[in-house]
Amino acid sequence: MSNCAVVGINWGDEGKGRMVDLLTEKYDIVVRYQGGGNAGHTVINEKGKFALHLLPSGIFREGVVNVLGNGVALDPENLCREIDDVRAKGVAVTPDNLKISSRASILMPWHRKLDELEELRLADKKYGSTKQGIAPFYSDKYQKKTILAGELFDKEHLKAHAEEILEWKDLILKGVYGAELYTVEETLDWLDEFGGRIKPFICDTEEFFDEAMKQGKSILFEAQLGTLRDIDLGIYPYTTSSNTLAAYAPIGSGIPYASIDNVIGVVKAYSTCVGEGPFVCELFGDEAEKLREAGAEYGAKTGRPRRVGPLDIVATSYGVKMQGAKEIALTKLDVLSYLDKIPVCVKYELDGEKKAKFPFPSQLEKARPVTEYFPGWHCDISGARSWEDLPEEARSYVTFIERAVGCRIKYISVGAERDSIIVREV
Ligand code: GDP
Ligand code: MG
């Protein structure tokens, strides 16, 4: 049996969905272990083009079981919408191929509301939240003030628990934000409507995994966002509110004893960042606009233009290390084909010194990029399917990254479609 985590090395949007969709061919189970509907994992395959938010990217493969683990932010309303969307394109979603952990906490309507209110209060100091309620949700989870999916099956208990939580939540909504309150009735109605629809998928996923492990099934852990957004080791406070690291995968999936045999770190051939916070390698003006256009860098969830920059070796090396990546999937190499010379941020200049080490978060504002240039290849590489198909300059660029970040690049993606991939055999 072999388990694998597919994780983002940088700020997210590296192309994890695209890689998971490809790699699920070899796995029995795909599990999302953290985050929620703020994800936007784009998948393009024979079934169409999809932007998945909460559903694992293994949902398109027949025979693959997809799991939402205890660590995710389970938003039943958005999940129902997402299930309807993929079903409308002919994708089967049944209790056989989608399982939701009874221990997953439910993201409630007030979480989204509070997210919005807090961003408004912060004004020009805002974090750049996707306003999907993720931060208020995880705060409540750690305050032990959330409802677990499994509680939907006990109506009496659910009513009492919802009352208890609302008594406290309304104090905050009213006292801190002067906002409108939620009633127990509307809350129970909402839970009945959307919770009711996802009930068929809710089960004891720990037991499901236990059995699967005994049978030697292989598990693919699908992460959301990337290393630099990890709540513990990312660019705090410009992080998300969960652990995006591979090390958290077994816990957030409900199989803390599972080993991860391989960690595939997804790295984009250049950098992008959605939201606020320091982004040392950021490009501006015409140069940025060209790269954004070439890479169609607009958020899958929000449609917001993504901030762009060259590949950042300092941040990427840190990401590779913190993820424990054993292999890299380098995506969107084709996007760089328009460039005469390819910029790379090789070091940071900080306090008058050139540094290769990723700094403490509050130091990042002062850091400046040290840029080197590599020759471009001036041709379309989207048809390349083997290492030899790539022009010499593209190969040099890949080899340079590999050496600089200390990790083998096994996959090179040259297009968004499932088969636009080069797999380098070791
Ligand atoms: P994720 O959040 O990590 O799953 O990544 P996103 O889906 O948010 O962003 C990646 C975007 O790049 C999507 O629009 C993909 O369809 C697209 N994409 C992925 N790989 C490639 C590639 O190799 N080349 C090109 N041109 N597009 C790609
Ligand atoms: Mg994304």
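Below or above, wherever it landed, is the structure these notes cover.

What counts, and where the lines are drawn
- Every chain's residues receive numbers from 1 upward, in the order its sequence appears when written.
- Going through the entries in the order they are written, you letter the chains from A and number the ligands from 1.
- Totals for whole chains, interfaces and linings use all residues, but because this is a predicted model, local features are given only for residues with pLDDT of at least 70 and pairs of side-chain atoms are given and counted only at 80 or more.
- Calculated side-chain values reflect all of the structure's heavy atoms, with hydrogen atoms and water omitted.
- Any residue with a non-hydrogen atom lying within 4 Å of a molecule or strand is treated as near it.
- Each polar contact in these results corresponds to two N or O atoms within 3.5 Å; when the atoms are within protein, one needs to be able to donate a hydrogen and the other to accept it, and residues that are neighboring in sequence are counted only if both atoms are side-chain atoms.
- Accessible surface area values rest on a Shrake-Rupley calculation with a 1.4 Å probe, where residue burial reflects the displayed protein chains alone.
- In this description a helix means any DSSP run of H or I spanning at least four residues, a strand means any run of E spanning at least two, and both kinds are numbered starting from the N terminus.
- Classification used: nonpolar for Ala, Val, Leu, Ile, Met, Phe, Trp, Tyr, Cys and Pro, charged for Asp, Glu, Lys and Arg, polar for all others including Gly.
- Domain segmentation is taken from an automatic or database assignment of domains.
- If DSSP finds at least two bridges between two strands, the strands pair.
- In what follows, residue pairs with any heavy atoms lying within 4.5 Å of each other are defined as contacts.
- Between N-to-C directions, angles cover 0 to 180 degrees, with each direction set by a line fitted to C-alpha atoms, over the stretch in contact for helices.
- For a helix, the expected span equals 1.5 Å multiplied by the number of residues minus one.
- Working definition: with a 1.4 Å probe on protein chains only, accessible area under 20% of the residue-type maximum means buried, over 50% means exposed, and in between means partly exposed.
- By arc we mean the arc of the directions from the helix axis to the C-beta atoms, nothing more.

### Thoughts on the site of ligand 1
Near ligand 1 you find 17 residues, and of these Lys16, Gly40, Thr42, Asp334 and Ser413 are the closest. Take Gly40: an N or O atom from its main chain is 2.7 Å from an oxygen atom of ligand 1. For ligand 1, whose accessible area on its own is 590 Å², the fraction buried by protein is 90%. The set of elements that each furnish at least two residues to the shell around ligand 1 consists of α1 (16–23) and β3 (41–45). Of all the elements, α1 adds the most residues to the shell around ligand 1, at 3 residues. Along the lines of polarity and charge, the residues of the shell around ligand 1 split into 3 nonpolar, 7 polar and 7 charged. Shared between two domains, the shell around ligand 1 takes at least three residues from each, and those domains are domain 1 (4–104 + 202–264) and domain 3 (266–423).

### Examining the sheet that holds strand β11 (residues 262–268)
As summarised here, the arrangement of the 10 strands in space is β9-β7-β5-β2-β10-β1-β11-β15-β19-β20, forming an open sheet in which the pairing is mixed. Where the open sheet ends on each side, the last strands, each with one partner, are β9 (202–203) and β20 (421–423). Here 4 bridges tie strand β2 (residues 29–32) to strand β10 (residues 219–226), and the two strands are oriented parallel to one another. Each residue of the ladder has a partner; that of Ile29, found in β10, is Ile219. Sitting on the sheet, α1 is in contact with β1 (4–8), β2, β10, β11, β15 (327–331), β19 (408–413) and β20, with an inclination near 170° to β10.

### Some words on helix α11 (residues 392–405)
Look at α11: 20 Å from first C-alpha to last across 14 residues, which is about the 20 Å you get at 1.5 Å a residue. Three or more residues of α11 are buried, namely Ala394, Tyr397, Val398, Ile401, Glu402 and Val405. Looking straight down α11, one finds its buried side chains confined to an arc of 135°; they lie on one side. Among the exposed residues of α11, those pointing more than 90 degrees away from its buried face are Glu392 and Arg403. Residues of α11 that are buried sit in contact with β14 (311–312), α10 (313–323), β15, β16 (341–350), β18 (368–375) and β19. Gly406 lies just past α11 and shows a positive phi near 70°.

### Things to note about unusual backbone geometry
Residues Tyr236 and Pro237 are joined by a peptide bond in cis, for which omega reads 5°. Note on placement: Pro237 falls in the loop between β10 and α8 (249–253). One non-glycine residue with positive phi stands out, namely Leu225, at about 60°.

### Quick look at the side chain of Glu82
Position of Glu82 among the secondary structure elements: in helix α2 (residues 76–88). Glu82 sits in the buried class, given a relative accessible area of 5%. Those residues in contact with Glu82 that lie beyond four places of it in its chain are Leu52, His53, Leu54 and Leu55.

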